Structures are given as C-alpha cells and as structure tokens.
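Structural description and commentary
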Amino acid sequence: MGLNRLTRYLLRELMLAWAAVTLVLVVVLLTNRLIQFMADAASGEIPPSVIFTLLGLKAAANIGVVLPGSFFLAVVLALGRLYRDSEITAMAGCGIGPNRIYRGIFALAVPLALGVAVLTLSLGPAAERQADRVLANAEQQARFGGVQPGRFLNFGDQTTVYVGQLGADGGMQGLFAERRVDGQWQIWVAEGGRRVANALGPGEFLVLDNGWRYDGNPGEAAWRVMEYAEHGIRVAMPAPVEPGVGMDSRGATALIEQADAAAWAELQRRLSPAVMLLVLALAGLPLAQSAPRSGRFGRVVIAVLVFMVYFNLIYTAADWLESGRVGLLGGPVWVHGLALLITAAAVVVRLGVSPLRRWQPGAAG
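The sections below set out a description of the structure shown in this document. Just so it is clear, the structure is predicted and the values come from calculations on it, not from any experiment.

Cut-offs applied
Residues numbered from 1 in each chain as written. Predicted model: local features only at pLDDT ≥ 70, side-chain atom pairs only at ≥ 80, totals over all residues. Heavy atoms only, no water. Helix = DSSP H or I, 4+ residues; strand = E, 2+ residues; numbered from the N terminus. Buried < 20%, exposed > 50% of the residue type's maximum accessible area, 1.4 Å probe, protein only. Areas by Shrake-Rupley, 256 points an atom, 1.4 Å probe, with all protein chains shown as cover. Expected span 1.5 Å × (residues − 1). Axes fitted to C-alpha atoms, helices over the stretch in contact; angles between N-to-C directions. Left-handed = near helix turned anticlockwise from the far one by under 90°. Nonpolar A, V, L, I, M, F, W, Y, C, P; charged D, E, K, R; others polar. Phe/Tyr/Trp six-rings, centres within 6.5 Å; stacked < 30°, edge-to-face > 60°. Bend = angle between axes of the 7 residues up to and from the residue. Polar contact = N/O pair within 3.5 Å; in protein donor to acceptor, adjacent residues only side chain to side chain. Contact = heavy atoms within 4.5 Å. Salt bridge = Lys/Arg side-chain N within 4 Å of Asp/Glu carboxyl O. Patch = residues over 30% accessible without salt bridge, like charges linked within 9 Å, V, L, I, M, F, W, Y side chains within 5 Å.

1. Here's the deal with the overall build of the chain
- Within the chain one finds 8 helices and 6 strands.
- Taken from the N to the C terminus, the helices and strands of the chain come in the order α-α-α-α-β-β-β-β-β-β-α-α-α-α.
- Looking at the chain as a whole, 43% of its 365 residues qualify as buried.
- Of the accessible surface of the chain, which amounts to about 18600 Å², a share of 62% is contributed by carbon and sulfur atoms.

2. Section: helix H6 (residues 261–288)
- Here H6 is 28 residues long and its end C-alpha atoms lie 38 Å apart, about the 40 Å a rise of 1.5 Å per residue gives.
- Buried residues dominate H6, accounting for 23 of its 28 residues.

3. Topic: the packing of helix H1 (residues 5–42) against helix H2 (residues 51–84)
- Between H1 and H2, the shortest axis-to-axis distance is 6 Å and the interhelical angle comes to 145 degrees. Once H1 is placed against H2, the crossing between them reads as right-handed.
- Looking at the contact of H1 with H2 residue by residue, the classes come out as 29 nonpolar, 4 polar and 4 charged.

4. Focus on the packing of aromatic side chains
- Under the criterion given, the structure shown has 3 aromatic pairs.
- With a centroid separation of 5.8 Å and 25 degrees between ring planes, the pair formed by Phe-307 and Phe-311 is classed as stacked. A residue pair is termed a helical-turn pair when its members lie 3 or 4 positions apart in one helix, as Phe-307 and Phe-311 do in helix H7 (residues 298–323) at 4 residues.
- On the accessibility criterion, Phe-307 (18% relative accessible area) is buried.
- We classify Phe-311 as partly exposed; its relative accessible area is 25%.
- Three or more aromatic residues joined by ring pairs make a cluster, and in this case those are Phe-307, Phe-311 and Tyr-315.

5. Describing H2
- The largest bend in H2 amounts to roughly 50 degrees and is located at Ile-63.
- Across the 34 residues that make up H2, a large majority, 26, are buried.

6. Topic: the side chain of Arg-269
- Structurally, Arg-269 can be placed in helix H6.
- Within polar-contact distance, the side chain of Arg-269 engages the side chain of Glu-266 at 2.6 Å.
- Polar contacts involving the side chain of Arg-269 include one to the side chain of Glu-322, which spans 3.5 Å.
- Setting aside residues up to four positions removed in sequence, Arg-269 forms contacts with Tyr-315, Ala-318, Asp-319 and Glu-322.

7. Focus: the pattern of salt bridges
- Tallied over the full model, the rule gives 8 salt bridges.
- Two residues, Arg-81 and Glu-13, come together in a salt bridge whose shortest N-O distance is 3.2 Å. Within this pair, whereas Arg-81 is found in helix H2, its partner Glu-13 is found in helix H1, the two being separated by 68 residues in sequence.
- Arg-269 is the salt-bridge partner of Asp-319, the closest N and O atoms lying 3.5 Å from each other. Here Asp-319 is found in helix H7, whereas its partner Arg-269 is found in helix H6, with 50 residues between them in sequence.
- With relative accessibility at 44%, the residue Asp-319 sits in the partly exposed group.
- Among the ionic contacts, a cluster of salt bridges with common partners joins Glu-266, Arg-269, Arg-270, Asp-319 and Glu-322.

8. What to know about a nonpolar patch on the surface
- Together, Val-309, Leu-313, Trp-320, Trp-334, Leu-338 and Ile-342 give the surface a local cluster of nonpolar side chains, amounting to about 500 Å² of exposed area.
- Only H7 and helix H8 (332–351) provide two or more residues apiece to the nonpolar patch.

9. What about the side chain of His-231?
- Mapping His-231 onto the fold places it in strand E6 (residues 224–236).
- Among the polar contacts listed, one links the side chain of His-231 to the side chain of Trp-188, at a separation of 3.2 Å.
- In contact with His-231, other than residues within four places in its own chain, are Trp-188, Leu-206, Val-207, Leu-208 and Arg-213.

Rendered as structure tokens:
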C-alpha cells in the first residue's frame, strides 16, 4: 500500500529539515577533523596528500553517531513549524491524531535506524581500520617528507641524515648519514639516494648510491672502509600501529567471539545510535509541541540538551560495563529503557492520551 498524502507531506518536511541539519553537523565534524589533520601536516607528522583521504574515512566512521542527533533536531524543527503555523491544530480538528503523525515520522525513522545500525556495526569499524592503515603509512612517509637541503634530520636516537640537494623528482644528492651501533660509529657518504618503504624488508630504508662506508671510532686508527654502488640503511621499523586492534575498529563478529565485558560494552555502544534514533523519534512530537507564533528555536535548545544528556549517559554506562563495575544489563540497555519510559510519559502528559490509543481531536492544546 502506498503512503497517503499526509504521510508524504510529513516525510517531505522531515527530510528537508533532516538534510539541512545533517549537512550542518557533518560540516562541523569535518571542519574539526580538517583542522586537526592540517595541524598534523604542518608539524610534519603526516604528508598533506593524505588529509582528504583521512577526512573521508573518519567521516564514514563517525557519521552513524551524527545521524540520531540530526534526525531528532529535524523532527523538532519540522513539527515545531507545523505547530507554530497551526497546521497540527487543523489536523486535530479533522480527527487526525498523533498515530497518523507518528506514521510519517517512523516511515523515515525505521529505515534510517537500520542504516545507522549497518554503519555503526560494519561500515564504520571498517572505515576506522582503513584510517588506521592510512595513518600508519602516512606517519612513516612523513619522516622523509620533511627533508630539507642543508639540514640534519634525526630518525629516533640512532640515525642522522644530511642531504645536500633535492632533485625535482624527490631524489637526494650529496648525502651523509651516521649512527652508532654497539659502541661503534657507522658513517656513510654517497652521491645520491632515495627513500623506500617496505621494499628491502619491513620498515623504512634510505638507499644510497655510489658512495663509501666507514666503520670505527674517532681517535682510533682501526677503521674499516668499504666502497659500494648501492647500500640500504634501515632508518625506522614499521610503525607500531596495528590496524584493527582498537575496540572501535574491530568487527562485530570478533566482538561476539571475544564475549567479555569490553566486547559487550562496545557492541551495546554501537547498537545505541540506532535505538537512540527510534526513541528520539518518539520524543520529537511532544517536545515540538508549542503555541502558535512562538519562537522558532526555543525547543531546539531543549532538544540539544536532551540529546547531550542521553548521549553522555550511554557512553558513561558503556564505560561502567567495560570496567566491570556493572553487569550486562547495567550498560547502555538501562539508559534506553529509562529514556523510553520518560518519552512515553511525555507523550501521555503533553498530548493528553496514551500513544497506543487514537488521539481525540480536542486532546492537544
């Protein structure tokens, strides 16, 4: 059966408001991330070329948390406008109660909740794992990305490299490198060189072309001298980042198999945005109720506060469960139960009837 005209009208109003709010929140999220990544690039921690790749992956990893809040604000904005313009009052006069209005709300909320569940359970962690890989590789590449001619570059406590010139293709000319191994100095000079990663083995290597290697200690005559056409120096081991180790990047199947307090806390945390979206969809109508020609954004401030309290309680309860302070039902489950009870009470008090019975036209003020 197709959607009736009222449901289609409510859907259009909700989708327009939801798209606008989601766009604003995503821009805010991406702006904060962009500032962080640009700061990392400016300090030489990552190359600038990976900024937008990381930005997209982090957005995909976190969008599932943004959508419940954006939908809740959209419901309050859209229905608030209908209240201010007396459209819901006119609907009540025609015998249209909250059940019909909720039909339009949940026509969008249910598929959106399913999409959020897919994002938080599968796509988000996968994007987080890929972001870990990109970041680990970027941090490795950034070591040589900041090489400047005429300056010494230190790689940890072991190796120091000096580059005379940089070619247009990124090749290095006039290289000097030194490090101390087992109490003895190793010194290299070379006509040219290049950086490679995971080519000669795991880690980062400086490959020197046409030069000499000197092994010994200053002030001693016993030096070993070798000429080479090509020589590789390991300057860094692979970054100690193991993609997928963090709880937020593990797959749902791995968490179920792990089946400890931390895994259950993470699973409840991931399922919470979808449940939260449905509960807030129910809460949107009583919260949006306002007098005609009232302020446009008064209810939005309350909605933001409600969402913040709800969101923080979920993560606090998940932390309690993860630390072992509470049992399985002491995690976010009780927060959703409490929120649902408060919402049901608000529907009864604000709308004057049970949400399970048809709304009488004169019930709402």
